Amino acid sequence: MANEFFFPPIEPFETGVLNVDEPHQLYWEQCGNPEGEPILFLHGGPGAGCSEFDRRFFDPQHFRAVLLDQRGSGRSRPVGDLTDNTMTATVRDIEQLREQLGIDRWHVFGGSYGSTISLFYAQEKPDRCKSLVLRGIWTLREEELDWWLYRVRMIQPELWNTFAGFIPEPERDDLLEAYWKRLTGDDRELALAAAKHWAIYETACCTLLPNKEFTDHFADDNTAWAVARLEAHYFRNNRLEPDSLLLDRVERIRHIPAFAVHGRYDIVCSVKNLFDLAQAWPELDTAIAPASGHSSHEPEITRELVAATNRIAMTGSPKLSGG
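Being a predicted model, the structure only gives us computed values, none of them experimental.

**Q** What's the story with the packing of aromatic side chains in this structure? I'm lost.
**A** Centre distance and the angle of the planes are the two values used to describe a pair of aromatic rings. Summed over the entire model, instances satisfying the criterion amount to 20 aromatic pairs. Judged by centre distance (6.1 Å) and plane angle (65°), the rings of Phe58 and Phe63 are edge-to-face. The exposure classification of Phe58 matches that of Phe63, with both residues buried. Their ring planes at 45° and their centres at 5.7 Å tell us that Trp138 and Phe235 sit as a pair that is tilted. Taken as a pair, Trp138 in the loop between strand S6 (129-135) and helix H3 (142-149) and Phe235 in helix H8 (residues 221-237) lie far apart in primary sequence, 97 residues in all. The exposure class assigned to Trp138 is buried, which follows from its relative accessible area of 5%.

See the structure below:
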């Protein structure tokens, strides 16, 4: 079914490449009104990159939307590169782009891992964030990784069996390490096969009902390569210390107007993540999409996200209460 809640398709009015630490070159684009209210879109994954749909959460008459393909992701090069690929490096990249574009402060919009990096960026640079719009909360805690790697099988046993079945049975006690070994090994054909199994498992879990168009996008070689390698890299090598860091540092951002939406039947990022964040952050406005999974393409979730950006356009804040 067509998603009627997106704004119409739009092309960027400017694109560019941000030269950061070697070997990374990061693609960015600006859409909408060049004189409009600046808002930064942070994609998920990590590794997913931005799509043409991601331009369409924002009223093009009001917003100057900035979209960045993070290190190793999307149209940035090299695809899937793990060199100095950390959240701290991404914050530096965001700040470099903000300064290059002459933006003092902006709204920040991110879903899934995009919510992770949005929270991390806001906690590092609270003075640069006018507001936050978040979707599908993911805080990179051990319980969240355990859910995704193993406990999804309680709901989607067929998908999990295919994901785990790619790995020989003696190695299935540590699926992350087993996939990591293959994704970073010398056998390119095996690595790509592992990447596709990883990416298809995730994306098939993203929507409440099967969505072949959505899944096919992530079956693309470059997209699967980037998503699988970067996600495994972050899960294994870029854990937050302590585990609850993003919840522990909420005090830094409680003054920032913020809204978060989560699908009730999100099996990639459990809805418990939203409850945990809201408990730490009483000022956060939240909504649960009652018949939705994880993807921002779920119509209920798209509607909530577009409504939040429309509230920013009208009041300067995404909060339901208007505060």
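**Q** I tried to follow the sheet that holds strand S5 (residues 106-111) on my own but got confused; where do I start?
**A** One key point about sheets: their strands pair by backbone hydrogen bonds, in either a parallel or an antiparallel sense. Judged by pairing direction, the sheet is mixed, and its eight strands sit side by side in the order S1-S2-S4-S3-S5-S6-S7-S8 without closing on themselves. Bordering the open sheet on either side are strand S1 (14-19) and strand S8 (285-289), each of which pairs with just one other strand. Direction aside, the axes of adjacent strands within the sheet are offset by 20° on average. Where strand S7 (residues 258-263) lies against S8, five bridges are found, and the strand directions are parallel. Note on S8: the bridge partner recorded for Gly263 is Ala289. Against the sheet, helix H1 (residues 87-100) makes contact with S1, strand S2 (25-32), strand S3 (37-42), strand S4 (63-68) and S5, and its axis sits at roughly 130° relative to S1, the strand it touches most.

**Q** Would you take a moment to explain the packing of helix H5 (residues 175-183) against helix H6 (residues 188-204) for this structure?
**A** In helix packing, the relevant descriptors are the interaxial angle and the interaxial distance, both defined with respect to the helix axes. Following both chains from N to C, one finds H5 and H6 inclined at 140°, their axes separated by 8 Å at the closest point. Judged on the interaxial angle alone, H6 and H5 are oblique. Side by side, H5 and H6 meet where Leu176, Tyr179, Arg182 and Leu183 of the first sit next to Leu190, Ala191, Ala194, Ala195, His197 and Trp198 of the second. Of the residues assigned to the contact of H5 with H6, the class counts are eight nonpolar, one polar and one charged.

**Q** Can you help me understand H6 in this one?
**A** Counted at 1.5 Å a residue, the expected span for H6 with its 17 residues is 24 Å, and the 24 Å between its end C-alpha atoms agrees. Among the residues of H6, Ala191, Leu192, Ala194, Ala195, Trp198, Ala199, Tyr201, Glu202 and Thr203 are the ones counted as buried. Here H6 starts with a cap whose side-chain oxygen sits 3.2 Å from the backbone nitrogen of Glu189, and that cap is Asp187.

**Q** It is not clear to me how the pairing of S4 should be interpreted in this structure. Could you clarify?
**A** On any regular strand, side chains alternate: one points to one face of the sheet, the next to the other face. Of all the six residues making up S4, six are buried; the element is thus mostly covered by neighbouring parts of the structure. Residues Phe63, Ala65 and Leu67 of S4 are buried on one face, and the alternating residues Arg64, Val66 and Leu68, pointing to the opposite face, are buried as well. Pairing of S2 with S4, which is carried by five bridges, proceeds in the antiparallel orientation. The partner of Gly32 across the bridge, within S4, is Arg64. Across six bridges, the pairing between S3 and S4 is parallel. Bridging from a neighbouring strand, Glu37 pairs with Phe63 of S4.

**Q** Explain H5 here, please?
**A** Side chains of residues three or four places apart in an α-helix project in the same direction, reflecting 3.6 residues per turn. The buried count for H5 comes to seven of nine residues, which makes it a mostly enclosed element. Residues of H5 that are buried: Leu175, Leu176, Ala178, Tyr179, Trp180, Arg182 and Leu183. Taken together, the buried residues of H5 touch H3, helix H4 (157-165), H6 and H8.

**Q** Would you mind going over unusual backbone geometry with me for this structure?
**A** For residues other than glycine, phi is negative in most cases, and the peptide bonds are mostly trans. Cis geometry marks the peptide bond from Gly45 to Pro46; its omega dihedral reads -5°. By the element assignment, Pro46 lies in the loop between S3 and S4. Here the amide bond leading from Glu241 into Pro242 is cis, since omega sits at -5°, within 30 degrees of zero. In this fold, Pro242 is placed in the loop between H8 and helix H9 (245-248). Its identity is not glycine, yet Asp84 carries a phi of approximately 45°, on the positive side. A residue is classified by how much of its surface remains accessible, and Asp84, at 36% relative accessible area, is partly exposed. The backbone of Ser112 shows a phi angle near 60°, a positive value even though the residue is not glycine.

**Q** Help me out: how do you make sense of the packing of H5 against H8 in this one?
**A** As a packed pair, H5 and H8 sit with axes 10 Å apart at the nearest point and diverge in direction by 130°. Relative to H8, the element H5 is oriented oblique. For the pair H5 and H8, the sense of crossing is left-handed. Where H5 abuts H8, its residues Leu176, Glu177, Trp180 and Leu183 lie against Trp225, Ala228, Arg229, Ala232, His233, Phe235, Arg236 and Asn237. Within the contact of H5 with H8, the residues separate by chemical class into seven nonpolar, two polar and three charged.

About the cut-offs
- Residues numbered from 1 in each chain as written.
- Predicted model: local features only at pLDDT ≥ 70, side-chain atom pairs only at ≥ 80, totals over all residues.
- Heavy atoms only, no water.
- Phe/Tyr/Trp six-rings, centres within 6.5 Å; stacked < 30°, edge-to-face > 60°.
- Buried < 20%, exposed > 50% of the residue type's maximum accessible area, 1.4 Å probe, protein only.
- Helix = DSSP H or I, 4+ residues; strand = E, 2+ residues; numbered from the N terminus.
- Pairing = 2+ DSSP bridges.
- Axes fitted to C-alpha atoms, helices over the stretch in contact; angles between N-to-C directions.
- Contact = heavy atoms within 4.5 Å.
- Parallel < 35°, antiparallel > 145°, perpendicular 65-115°, else oblique.
- Nonpolar A, V, L, I, M, F, W, Y, C, P; charged D, E, K, R; others polar.
- Expected span 1.5 Å × (residues − 1).
- Polar contact = N/O pair within 3.5 Å; in protein donor to acceptor, adjacent residues only side chain to side chain.
- Left-handed = near helix turned anticlockwise from the far one by under 90°.

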